[in-house]
Amino acid sequence: MTDAPTVIRTKRDGGRLADAEIDWVVDAYTRGDVGDEQMAALLMAIFLRGMDAAEIARWTAAMIGSGTRFDFTDLRRDGRPLSLVDKHSTGGVGDKITIVLVPVIVACGGAVPQASGRGLGHTGGTLDKLEAIPGFSGELTLDRIRDQLTRVGAAIFAAGELAPADRKLYALRDITATVDSLPLIASSIMSKKLAEGTGSLVLDVKVGSGAFLSDPADAAALAATMVDLGAGYGVPTRALLTDMSNPLGRTAGNALEVAESLDVLAGGGPPDIVELTLALAGEMLTLAGIDGRDPADTLADGSAMDAFRAMVSAQGGDLDAGLPTATVTETVTAAGGGVMGDIDAHAVGMAVWRLGAGRTVAGQRVQAGAGIEIHRRPGEPVTAGQPLFTLHTDTPERLPAALAELDGAWSIGATRPPVRPLILGRVPR
């Protein structure tokens, strides 16, 4: 007879969990027979002791098996099967790529069924960002997802029926300092992605201070683990390793990132957002076997913006109503001139979390307008008195803690910092 203390003790002491133990504990936690305090202890044991490849695969399978697995292979658009492809990021600071990338793929002829998450730790969540749009909802039924994929070409939705075990574990990891664990990251991502019904998958695996895994070797191992999990389920999967030492773009925070995404969809926006969007789009289109349009053309001619507006409208959103703004701002200015150095992405993410864009307890409501504007990017010239960061929040008492997170996270020097490539590698090569 399996019980929670035995499972916890096995992993605490460095042992390997048997398939039956994994199946039992995931199912029992999903049903509520294992409490949060017991699962928190097991998560910490996994965080400290790790899992081997077979354990990760079984844990992933158990989470997939806790819910339903969508199948969209019967769907047609203009009489042809949908070319289903999705992308997932392991989480970064200022990472609003999904918001731009999904409509780009739709404008190129693909269809994207994307199960997305909310903020986790110091990183933002796509659903939190999109739900800053008045009326937008990620809570979609399967029938609505199917209809939207056929009519619009994309749906970005809460996992809901998909891997309900992961939904509970995701929220628990967020508040128990067990987020940045390779087995838990891999199984969390792939359980949702393998259950959501996509035909192929591209992963954006972040590396650097703002990523859950800052060591390139660990990130490469995570990418390989997830690619193998995808292959095991017959879903062609590849991964890009991308830099997350500095925040992406010039904003971090829910509504702020949506506004910046709209700039990119209008043909502008920060170069790094455009570069990464187009790189991932190229991988997705190749993997899905979609030929024809250059993804860059969809940003230039407005077709990606049209696709985004159609998706937002289908999910109840009203872009014309305007995005929410915070009631309080504070700006950090430069004491002297020079060149902006690197900006610690993790510190920015923590500051944004302190401002109210993230959660301190599971289920907590986030502030749509909270976040940070980054006025000077690494390598850009700075003059004395020039704005560097603007902090946004509805709760001014949060400002001191957020400013403390930023203290020491940036510098102004006499020379430009080394330029890092945005794309660091690919799995498989």
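Residues numbered from 1 in each chain as written. Predicted model: local features only at pLDDT ≥ 70, side-chain atom pairs only at ≥ 80, totals over all residues. Heavy atoms only, no water.

The chain is annotated in an unreviewed UniProt entry as Thymidine phosphorylase of Mycolicibacterium insubricum. Checking UniProt for the chain, the heading Sequence similarities (unreviewed entry) contains the comment "Belongs to the thymidine/pyrimidine-nucleoside phosphorylase family." Of the comments in the UniProt record for the chain, the one headed Subunit (unreviewed entry) reads "Homodimer." (UniProt positions renumbered as here; feature names shortened; annotations may be inferred.)

Quick word on helix α3 (residues 36-49)
In this model, α3 (14 residues) spans 19 Å end to end at C-alpha, consistent with the 20 Å of a helix rising 1.5 Å per residue. Buried within α3 we find Met39, Ala40, Leu42, Leu43, Ala45 and Ile46. Those residues of α3 hidden inside the fold are in contact with α1 (4-12), α2 (19-31), α4 (53-65), α8 (164-174) and α9 (182-195). Just downstream of α3 lies glycine 50, where phi reads positive at about 80 degrees. (Helix = DSSP H or I, 4+ residues; strand = E, 2+ residues; numbered from the N terminus. Expected span 1.5 Å × (residues − 1). Buried < 20%, exposed > 50% of the residue type's maximum accessible area, 1.4 Å probe, protein only. Contact = heavy atoms within 4.5 Å.)

What about the nonpolar core?
Side chains of nonpolar character tend, in soluble globular proteins, to be buried together. In this structure, Phe308, Ile372, Phe389 and Leu391 are the most contacted members of the largest nonpolar core, which totals 66 residues. If you tally residues by element for this core, the top one is helix α5 (residues 97-107), at 8 residues. Sequence-distant contacts of phenylalanine 389, that is, excluding residues within four places in its chain, are made with Glu330, Thr331, Val332, Met340, Ile343, Ile372, Glu373, Ile374, His375, Leu406 and Trp410. By size, the runner-up hydrophobic cluster in this structure holds 62 residues, among which are Val26, Ala62, Leu194 and Leu229. (Core = buried A, V, L, I, M, F, W, Y, C linked by side-chain atoms within 4.5 Å.)

Here we look at the domain arrangement of the chain
Domain annotation for the chain reports domain 1 (4-65), domain 2 (76-315) and domain 3 (328-413). Spacing between the C-alpha centres of domain 1 and domain 3 amounts to 38 Å. (Domains from an automatic or database assignment.)

Topic: the packing of α5 against helix α12 (residues 271-288)
With their axes 10 Å apart at the nearest point, α5 and α12 run at an angle of 45 degrees to one another. Overall, the two elements α5 and α12 adopt an arrangement that is oblique. You can see that α5 and α12 cross each other, and the crossing is right-handed. On α12, the residues touching Ile97, Val100, Leu101, Val104 and Ile105 of α5 are Ile273, Leu276, Thr277, Leu280, Ala281, Met284 and Leu285. (Axes fitted to C-alpha atoms, helices over the stretch in contact; angles between N-to-C directions. Parallel < 35°, antiparallel > 145°, perpendicular 65-115°, else oblique. Left-handed = near helix turned anticlockwise from the far one by under 90°.)

Comments concerning the pattern of salt bridges
Here the structure, examined in full by the defined rule, presents 25 salt bridges. Across the pair arginine 12 and aspartate 13 runs a salt bridge, and its minimum N-O distance is 2.9 Å. In this structure, arginine 58 engages aspartate 23 in a salt bridge whose closest nitrogen and oxygen atoms are separated by 2.6 Å. Remark: aspartate 23 occurs in helix α2 and arginine 58 occurs in helix α4; sequence separation between them is 35 residues. One salt-bridge network, in which partners are shared between bridges, spans Asp19, Asp23 and Arg58. (Salt bridge = Lys/Arg side-chain N within 4 Å of Asp/Glu carboxyl O.)

A word on the sheet that holds strand β8 (residues 251-253)
The strand order across the open sheet built from 4 strands is β8-β11-β13-β9, with neighbouring strands paired in antiparallel fashion. Whereas interior strands pair on both sides, the edge strands pair on one side only; in this sheet they are β8 and β9 (328-333). For this sheet, the mean inter-axis angle between neighbouring strands, taken without regard to orientation, is 15 degrees. Helix-sheet contacts for helix α15 (residues 345-357) involve β8, β11 (371-374) and β13 (387-393), and the interaxial angle to β11 is about 135 degrees. (Pairing = 2+ DSSP bridges.)

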